[in-house]
Amino acid sequence: MGNEFLSPRWHGRLFGLIIKVAKKRGVYFYEGQQVTFLDLFMATANKASEEEMSVINSLMKTTSDITKDEEEKGITISEEEHDRLHDIGIQEAFAICNRRLPIDVLTTDKDIMAEEKVRRMEEEKQRAEQEKIQAEQRKKNAIITWSVIGAIILAIIIYNLPYFKEMRFFNKIMEGHTIYDCERYYSKYPNGRYYEDVMNMELELAEQGEGDKPVAVLTRYLHKFPDGKYAPQFNVKCDSLWDIEIAKYNQRDKSQESPEAVKFMTEMLAYMKAKRVNAVNLKINPTVHLKDYSEYDGNTKALLSLLYAMEKVNIDTTMILSLKANFTEQDRSVLVDILAQGMEKSFGRMFSSDFVAINTNSNKFDETSPDITINYEIKNQEFEIVEQAMPEIWTYKEQNAILRNQYHIKGYILGIDVKFDTKFTIPGSSTTYTFAEIGEPGKEISNIQSLSEGYRLMTQMCFAKFSNKMSDNLGLEEIYFRGDDDEEYEDE
């Protein structure tokens, strides 16, 4: 074992792994809470898998043994060297977890960072070679395109005036070579002679990062010209793109998936590839069923008062504000956006960006696209005691204008949650997937300072958590509360 594997490096691996496991398993602490390494370890240990705890325990033992050995041998480590080795250990743990490699490699004295450096250099080399090949191909395509234009110009005199006008316009489009020029041609000549050629140019632009994604352009072309002159090569390109994306899904992390959901997803992707569909229809049907504290029966109120008395919590029920009077049904477009963006980002993490589009515009639903139908009901948040449905009560606080770190209880509000029923279907297939979930705001919301803010945060938190759960079941990735490259909660 070399000097690079002194105790700080092993401790860094241990610390980095615990952080990653905590994020993966949903371990959180309140803002401002003083958290020690022991606190983080104990909270993580309660949720970690057997494999994760085995590796964590092994790293703890290795760290302890090496530390003891260093002390016995009188080995001293400078503060600068200690920090350097500790950072390397953390980076190694992050690298293994981010790449979803077997975490037991962290228990060996393998130089993971050295391997990471070699891997990144190889990826960069391959990327540079690919860019060079693409540049050469674009150059060849441009030469071919301009050769075709020259031939058309020579033959233009034998055509009638309308053809000549379209030819001149097409020539301008090719010279402009922009997405805007393509749209101009489509608008002016919806059945033009060169429609296919303009779409071929649009595909070139898409492959350079302009306009729609290549798969969207390929799909539009193959729907409009199934037997067109570019159809053979466009079909090959489309199949190649789909094969790459389906392979990504098949190589996913399978630890959180639902077998029924993944079976559906596998068939859905095969269907979308075969039918040249790159969008999913998202249909959302909302309902709101709420009741005030006064509408609960006497037994429920008496049991609730007894419960709070036993917990030594003094809640004045006269200060429970009206839920119906203060809850304004949220702008449905905001809630729809949370679900749509959640699905888009989940698909975007698994596949290339915007490869699978989520369509929420009912006027543009494609009957050949798969459907995701989400029925949700916003209702009172309740818990059950002796077969009685009891309302959850949240504290409504107002900040002291002078003492900003102190709050004044202004009243109490009834909590809300959301019941989701989701169904996934494929046109012409009997394979479906259904998913039901109760979305609860949990403990992430505190210090509610206005009724509108409280209910807005409660509702949106429910939608975000549901989006995470649905993504996990589908074998995709959750996009809220990730704790690494996203914010803890994406509000709107």
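Below: a short report on this structure. Remember, it's a predicted structure, so these values are computed and weren't measured experimentally.

**Some words on the packing of helix H8 (residues 195–207) against helix H10 (residues 231–250)**
Phase 1 of the analysis: Interaxial distance between H8 and H10 falls to 12 Å at its minimum, and their mutual angle equals 25°. In this view, H8 runs roughly parallel relative to H10, as classed from their interaxial angle. Relative to H10, the crossing made by H8 is left-handed. The segment H8 lies against H10, with Asn200, Leu203 and Glu207 engaging Gln233, Phe234 and Lys237.

**Some remarks on the pattern of salt bridges**
Any two side chains of opposite charge can pair, on the condition that their charged atoms come close.
Phase 1 of the analysis: Applying the stated criterion to the full structure yields 20 salt bridges.
Phase 2 of the analysis: In this structure, the salt-bridge partner of Arg9 is Asp111, at a minimum N-O distance of 3.0 Å. Of the two residues, Arg9 sits in helix H1 (residues 7–24) while Asp111 sits in the loop between helix H4 (79–98) and helix H5 (112–155), which places them 102 residues apart along the sequence.
Phase 3 of the analysis: A residue is classified by how much of its surface remains accessible, and Arg9, at 1% relative accessible area, is buried.
Phase 4 of the analysis: The exposure class of Asp111 is partly exposed, given its relative accessible area of 35%.
Phase 5 of the analysis: Note that Lys229 and Asp197 form a salt bridge whose closest N and O atoms lie 2.9 Å from each other. Of this pair, Lys229 sits in the loop between helix H9 (214–224) and H10 while Asp197 sits in helix H8, and the two are 32 residues apart along the sequence.

**Focus on the side chain of Gln381**
Phase 1 of the analysis: By secondary structure assignment, the location of Gln381 is in the loop between strand E3 (371–380) and strand E4 (382–385).
Phase 2 of the analysis: Gln381 has contacts with Met390, Pro391, Glu392, Trp394, Gly415, Ile416, Asp417, Glu440 and Pro441, leaving out every residue within four places of it along the chain.

**Quick notes on H8**
Phase 1 of the analysis: Under the 1.5 Å per step criterion, the end-to-end length of H8 is 18 Å for 13 residues, consistent within 8% with the ideal 18 Å.
Phase 2 of the analysis: Residues of H8 that are buried include every one of Tyr195, Glu196, Asp197, Val198, Met199, Asn200, Met201, Glu202, Leu203, Glu204, Leu205 and Ala206, and no others.
Phase 3 of the analysis: Two residues or fewer past H8, Gly209 is found with a positive phi of approximately 95°.

**Description of the environment of Gly16**
Phase 1 of the analysis: Here Gly16 shows up in helix H1.
Phase 2 of the analysis: With 72 residues separating them along the chain, Gly16 and Ile88 place their C-alpha atoms 9.8 Å apart.
Phase 3 of the analysis: Excluding anything up to four places from it in sequence, Gly16 contacts Ile90, Ala93 and Phe94.

**Quick notes on the pairing of strand E5 (residues 388–391)**
Phase 1 of the analysis: Sheet analysis places E4 next to E5, joined by four bridges and oriented antiparallel. Residue pairing in the sheet places Glu382 in a bridge with Pro391 of E5.
Phase 2 of the analysis: In this antiparallel pair of consecutive strands, E4 and E5, the connection spans two residues, and Val386 shows a positive phi of 40°.

**Description of the nonpolar core**
Phase 1 of the analysis: In terms of nonpolar packing, the biggest core is built from 87 residues, with Tyr185, Met268 and Ile374 touching the most fellow members.
Phase 2 of the analysis: When residues of this core are assigned to their parent elements, the largest contribution, eight residues, is made by helix H11 (residues 259–275).
Phase 3 of the analysis: Ignoring sequence-local partners within four residues, the contact set of Ile374 consists of Leu282, Lys283, Ile284, Asn285, Leu339, Phe420, Asp421, Thr422, Phe466 and Met470.
Phase 4 of the analysis: Grouped together as the second largest cluster of nonpolar side chains are 23 residues, Phe41, Ala48, Ile56 and Ile66 included.

**Things to note about the environment of Tyr271**
Phase 1 of the analysis: Structurally, Tyr271 can be placed in helix H11.
Phase 2 of the analysis: Between the C-alpha atom of Tyr271 and that of Ser429, which follows or precedes it by 158 residues, the distance is 9.4 Å.
Phase 3 of the analysis: Excluding residues within four positions of it along the chain, Tyr271 makes contact with Thr368, Pro370, Ile426 and Pro427.

**Focus: the packing of aromatic side chains**
The geometry of an aromatic ring pair comes down to the distance between the two centres and the angle between the two planes.
Phase 1 of the analysis: Evaluated as defined, the whole model comprises 17 aromatic pairs.
Phase 2 of the analysis: Aromatic side chains Tyr221 and Tyr230 sit 6.2 Å apart centroid to centroid with 65° between the ring planes, which places their arrangement in the edge-to-face category.
Phase 3 of the analysis: Judged by its relative accessible area of 0%, Tyr221 falls in the buried class.
Phase 4 of the analysis: Note on Tyr230 and Phe234: the rings are 5.7 Å apart at their centroids and 25° apart in plane angle, and the pair reads as stacked.
Phase 5 of the analysis: The structure contains a cluster of three or more aromatic residues connected by ring pairs, namely Phe169, Phe170, Tyr185, Tyr186, Tyr189, Tyr194, Tyr195, Tyr221, Phe225, Tyr230 and Phe234.
Phase 6 of the analysis: The residue whose ring lies beneath Arg13 is Trp10, and the NZ or CZ to ring-centre distance is 5.1 Å.
Phase 7 of the analysis: Cation over ring: Lys20 sits above Phe94, and NZ or CZ is 5.0 Å from the ring centre.

**Observations concerning the sheet that holds strand E8 (residues 416–425)**
Phase 1 of the analysis: The five strands are arranged E2-E1-E3-E8-E9 in an open sheet whose pairing can be described as mixed. Two strands lie at the open edges of the sheet, namely strand E2 (357–359) and strand E9 (432–439), each paired on one side alone. Within the sheet, the average angular offset between the axes of one strand and its neighbour, ignoring direction, is 20°.
Phase 2 of the analysis: In the sheet, strand E1 (residues 279–289) pairs with E2 via three bridges, with the strands oriented parallel. Bridge pairing in E2 links Val280 to Ile358.

**Quick word on a negative patch on the surface**
Phase 1 of the analysis: Taken together, the side chains of Glu79, Glu80, Asp83 and Asp87 present a region of like negative charge at the surface.
Phase 2 of the analysis: Structurally, Glu80 is set in helix H4.
Phase 3 of the analysis: Glu80 sits in the exposed class, given a relative accessible area of 66%.

**Regarding the packing of H10 against H11**
Phase 1 of the analysis: Viewed as axis vectors pointing N to C, H10 and H11 meet at an angle of 170°, and their least axial separation amounts to 10 Å. Taken together, H10 and H11 sit at an angle that is classed as roughly antiparallel. Along its contact with H10, which presents Asp239, Trp242, Asp243, Ile246 and Tyr249, the element H11 presents Val262, Met265, Thr266, Leu269, Met272 and Lys273.
Phase 2 of the analysis: Taken together, the residues that form the contact of H10 with H11 break down as seven nonpolar, one polar and three charged.

The rules behind the values
Residues numbered from 1 in each chain as written. Predicted model: local features only at pLDDT ≥ 70, side-chain atom pairs only at ≥ 80, totals over all residues. Heavy atoms only, no water. Axes fitted to C-alpha atoms, helices over the stretch in contact; angles between N-to-C directions. Helix = DSSP H or I, 4+ residues; strand = E, 2+ residues; numbered from the N terminus. Parallel < 35°, antiparallel > 145°, perpendicular 65-115°, else oblique. Left-handed = near helix turned anticlockwise from the far one by under 90°. Contact = heavy atoms within 4.5 Å. Salt bridge = Lys/Arg side-chain N within 4 Å of Asp/Glu carboxyl O. Buried < 20%, exposed > 50% of the residue type's maximum accessible area, 1.4 Å probe, protein only. Expected span 1.5 Å × (residues − 1). Pairing = 2+ DSSP bridges. Core = buried A, V, L, I, M, F, W, Y, C linked by side-chain atoms within 4.5 Å. Phe/Tyr/Trp six-rings, centres within 6.5 Å; stacked < 30°, edge-to-face > 60°. Lys NZ or Arg CZ within 6 Å of the ring centre and 35° of its normal. Patch = residues over 30% accessible without salt bridge, like charges linked within 9 Å, V, L, I, M, F, W, Y side chains within 5 Å. Areas by Shrake-Rupley, 256 points an atom, 1.4 Å probe, with all protein chains shown as cover. Lys, Arg positive; Asp, Glu negative; His and termini not counted. Charge placed at Lys NZ, Arg CZ, Asp CG, Glu CD. Nonpolar A, V, L, I, M, F, W, Y, C, P; charged D, E, K, R; others polar.

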